[in-house]
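The lines below spell out each chain.
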Amino acid sequence: QPSNISLELFLGGESTGSVIQIRVICPEGTVRTELNECGCPSGFEPEAGSGNAGQQLHCTPCQAGFFKSLPSLESCKACAPGQYTPRPGQERCTLCDAGTFANVR
């Protein structure tokens, strides 16, 4: 979803009183992050090499056993021992049932 960013112009350390509006439009499959940049949604991470040096950002679901809770350009993180994700693209890990365990590292 597009959003506007307001920038105030300064010249020699003094405000010129001018403000410009810049519209941020993220490519399909990406979202605007809290830092007003385009990133991957929760549960997704950037594909290797995408989004660098002018290349378009492509997002891929976190693998099973990995998660990402917030939209960003960061990679997915592994679940802690004793936790798991039942399928790819998860925002959080789930505790293992009593008498079972997961140790993916």
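Above this text is the structure in question.
Note that the structure is a prediction, hence the values are computed from the model and not measured. (Residues numbered from 1 in each chain as written. Predicted model: local features only at pLDDT ≥ 70, side-chain atom pairs only at ≥ 80, totals over all residues. Heavy atoms only, no water.)

Caption draft 1: Structural view of the overall build of the protein chain. Along the backbone of the protein chain there are zero helices and ten strands. Along the chain direction, N to C, the helices and strands of the protein chain fall in the order β-β-β-β-β-β-β-β-β-β. A total of 105 residues make up the protein chain; the buried ones form 24% of that total. Sequence separation of 24 or more characterises 29% of the internal contacts of the protein chain that already satisfy a separation of 6 or more. Carbon together with sulfur atoms contributes 52% to the accessible area of the protein chain, which is approximately 7,400 Å² in total. (Helix = DSSP H or I, 4+ residues; strand = E, 2+ residues; numbered from the N terminus. Buried < 20%, exposed > 50% of the residue type's maximum accessible area, 1.4 Å probe, protein only. Contact = heavy atoms within 4.5 Å. Areas by Shrake-Rupley, 256 points an atom, 1.4 Å probe, with all protein chains shown as cover.)

Caption draft 2: Focus on the state of the cysteines. Summed over the entire model, instances satisfying the criterion amount to four disulfides. Paired by a disulfide, Cys79 and Cys93 hold their sulfur atoms 2.0 Å apart. Of note, the bridge from Cys79 to Cys93 carries an S-S torsion of about -85° and is left-handed in sense. One end of the pair, Cys79, is in the loop between strand E8 (77-78) and strand E9 (83-84); the other, Cys93, is in the loop between E9 and strand E10 (94-95), and 14 residues separate them in sequence. (Disulfide = S-S within 2.5 Å.)

Caption draft 3: Main features of the layout of surface pockets. Reported here for the largest pocket is a volume of approximately 260 Å³. Lining of the largest pocket is provided by 14 residues; of these, Lys68, Leu70, Pro71, Ser72 and Glu74 occupy positions nearest its centre. (1 Å grid on protein atoms, 1.4 Å probe; cavity = no way out; pocket = protein on both sides within 12 Å on 5 of 7 lines; lining within 4 Å. Points joined across faces, edges and corners; volume = space filled by probe spheres on them.)

Caption draft 4: Here's a closer look at the pattern of salt bridges. Within this structure, the stated rule accounts for one salt bridge. For Lys77, the salt bridge identified is with Glu74, shortest N-O distance 3.5 Å. With relative accessibility at 45%, the residue Lys77 sits in the partly exposed group. (Salt bridge = Lys/Arg side-chain N within 4 Å of Asp/Glu carboxyl O.)

Caption draft 5: Structural view of the side chain of Thr85. Position of Thr85 relative to the elements: it lies in the loop between E9 and E10. Among all residues touching Thr85, those that are not within four sequence positions of it are Gln63, Ala64, Gly65, Phe66, Phe67, Cys79, Gln90, Arg92 and Cys93.

Caption draft 6: Layout of the side chain of Thr30. Positionally, Thr30 belongs in the loop between strand E2 (14-24) and strand E3 (31-32). Note on Thr30: relative accessible area 11%, which makes it buried. Within the local environment of Thr30, its side chain forms a polar contact with the backbone oxygen of Pro27, the two atoms lying 2.6 Å apart. When neighbours within four sequence positions are excluded, Thr30 is seen to be in contact with Cys38, Gly39, Pro41, Leu57 and Cys59. (Polar contact = N/O pair within 3.5 Å; in protein donor to acceptor, adjacent residues only side chain to side chain.)

Caption draft 7: The environment of Ser69, seen in detail. As for its placement among the helices and strands, Ser69 is situated in the loop between strand E7 (66-67) and E8. Put simply, Ser69 and Ser42 are 27 residues apart on the chain and 5.1 Å apart in space, counted from C-alpha to C-alpha. In this structure, Ser69 is in contact with Ser42 and Glu91, ignoring residues within four places of it in sequence.

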